[in-house]
Amino acid sequence: MVFWIFGYGSLVWNPGFEYDEKLIGYIKDYRRVFDLACIDHRGTPEKPARTCTLDESKGAICWGAAYCVRGGPEIEKKAMEYLERRECEYDSKTLVDFFTEEDSLHPALTGVIVFTSTPDKENNKYYLGPAPLEEMARQIATASGPCGNNREYIFKMEKALHDIDHEDDYIIELANEVRKVLGITRSVPKEKKLLGPSQIPLKSHISPVKILPLPEAIAAVAADS
């Protein structure tokens, strides 16, 4: 079994699991939003943090990183178990097409797994929903938990997207509002990180890959355990 996972939040700069290949690219018809609560990493149940989730939005694109895990049943099972613990606030796994070329009609990968959150406050206790920019900024500026504070999360998100040369205006605007609350100014990196060939392969090296449907993939992992 082989699976690919798409990261659009902290997975972009800190995957935390063994992987065999990394590609920079995007998925279509989704946009990154800070509408999800985090109560055990960068927040608490009493004072939840705000973290990234995806909002379906026709015509939008969301840049991030896709990771391939194909090191054998044990490594694959370990990686998925780790991801499910880490992404416990996300109540759904969605299969998406992944693109590496801008304005492309043909995905480089199909069947890529992405953790998403149901936008329903009644059925998903972690879903906070949208809020005014200033309100979100105050929450992010003041929340903290066992893994650090919430403001560090958004600043790292901003830098990670800068480093892959695909900054997100929404993230920049929200991060700047957090800085305003904190009374600090933005420190713009003087030079951008150079992306190695393992991160952005030449187009000729990328061929569409068909991944097992998620139920079959999970069943294969369980069978090997």
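In the annotation of an unreviewed UniProt entry, the entry for the chain reads glutathione-specific gamma-glutamylcyclotransferase, and the organism field reads Anisodus tanguticus. Entered under Sequence similarities (unreviewed entry) in the UniProt record, the comment concerning the chain runs "Belongs to the gamma-glutamylcyclotransferase family." Regarding the chain, the relevant UniProt record gives this comment under Subcellular location (unreviewed entry): "Cytoplasm".

Draft legend 1. Examining the overall build of the chain more closely. Looking only at helices and strands, the chain has 5 helices and 8 strands in total. Listed by position from the N terminus, the elements making up the chain come as β-β-β-α-β-β-α-β-β-α-α-β-α. Relative to its 225 residues, the chain shows a buried fraction of 47%. Once local pairs closer than 6 in sequence are excluded, the contacts in the chain between residues at least 24 apart make up 74%.

Draft legend 2. Looking closely at the pattern of salt bridges. The tally for this structure, following the rule as stated, stands at 12 salt bridges. Salt-bridge contacts for Asp35 lead to Arg50; the nearest nitrogen and oxygen are separated by 3.9 Å. Here Asp35 is found in strand β2 (residues 21-38), whereas its partner Arg50 is found in strand β3 (residues 49-69), with 15 residues between them in sequence. Residue classification places Arg50 among the buried residues on the basis of a relative accessible area of 3%. Note that Glu177 and Lys180 form a salt bridge whose closest N and O atoms lie 3.5 Å from each other.

Draft legend 3. Spotlight on the state of the cysteines. Tallying each qualifying case throughout the model produces 0 disulfides. Cys52 takes part in no disulfide bond, and the closest cysteine sulfur, belonging to Cys62, lies 8.0 Å away. Free of any disulfide, Cys88 has its nearest cysteine sulfur in Cys38, 7.5 Å distant. Looking at Cys88, the relative accessible area reads 33%, which means it is partly exposed.

Draft legend 4. Inspection of the side chain of Ser117 at higher detail. Mapped onto the secondary structure, Ser117 falls in the loop between β5 (109-116) and α2 (133-142). Residue class for Ser117 comes out buried when judged on its relative accessible area of 7%. A polar atom in the side chain of Ser117 sits 2.7 Å from the side chain of Asn124. Aside from chain neighbours lying at most four places away, what touches Ser117 is Leu36, Thr53, Tyr90, Asp91, Asn124 and Tyr127.

Draft legend 5. Region of interest: unusual backbone geometry. In the Ramachandran plot, Asp29 falls in the positive-phi region, its phi being about 65° despite a non-glycine side chain. Here Asp29 shows up in strand β2. According to the relative accessible area criterion, Asp29 is partly exposed, its value standing at 28%. Of note in the backbone geometry, Asp165 takes a positive phi value of approximately 70° without being a glycine. Exposure remark for Asp165: the relative accessible area of 46% places this residue in the partly exposed category.

Reading guide: rules and limits
- Positions within a chain are numbered from 1, following the residues in the order the chain's sequence is written.
- Since the coordinates come from a predicted model, pLDDT governs what is reported: local features require at least 70, and pairs of side-chain atoms require 80 or more to be given and counted, while whole-chain, interface and lining totals use all residues.
- The side-chain values count all of the structure's non-hydrogen atoms but skip hydrogen atoms and water molecules.
- UniProt positions are given in the numbering used here, feature names are shortened, and annotations may be inferred rather than shown by experiment.
- Helix numbers and strand numbers start at the N terminus; a helix is a DSSP run of H or I with at least 4 residues, a strand a run of E with at least 2.
- Burial classes follow relative accessibility: with a 1.4 Å probe on protein chains only, a residue under 20% of its type's maximum area counts as buried, one over 50% as exposed, and anything between as partly exposed.
- Note on contacts: a residue pair is in contact if any heavy atoms of the two residues lie within 4.5 Å.
- Any Lys or Arg side-chain nitrogen located within 4 Å of an Asp or Glu carboxyl oxygen qualifies as a salt bridge.
- Counting rule for disulfides: a pair of cysteine sulfur atoms within 2.5 Å.
- Under the rule applied, a polar contact is a pair of N or O atoms within 3.5 Å (in protein, one hydrogen donor and one hydrogen acceptor; residues adjacent in sequence only if both atoms are side-chain atoms).

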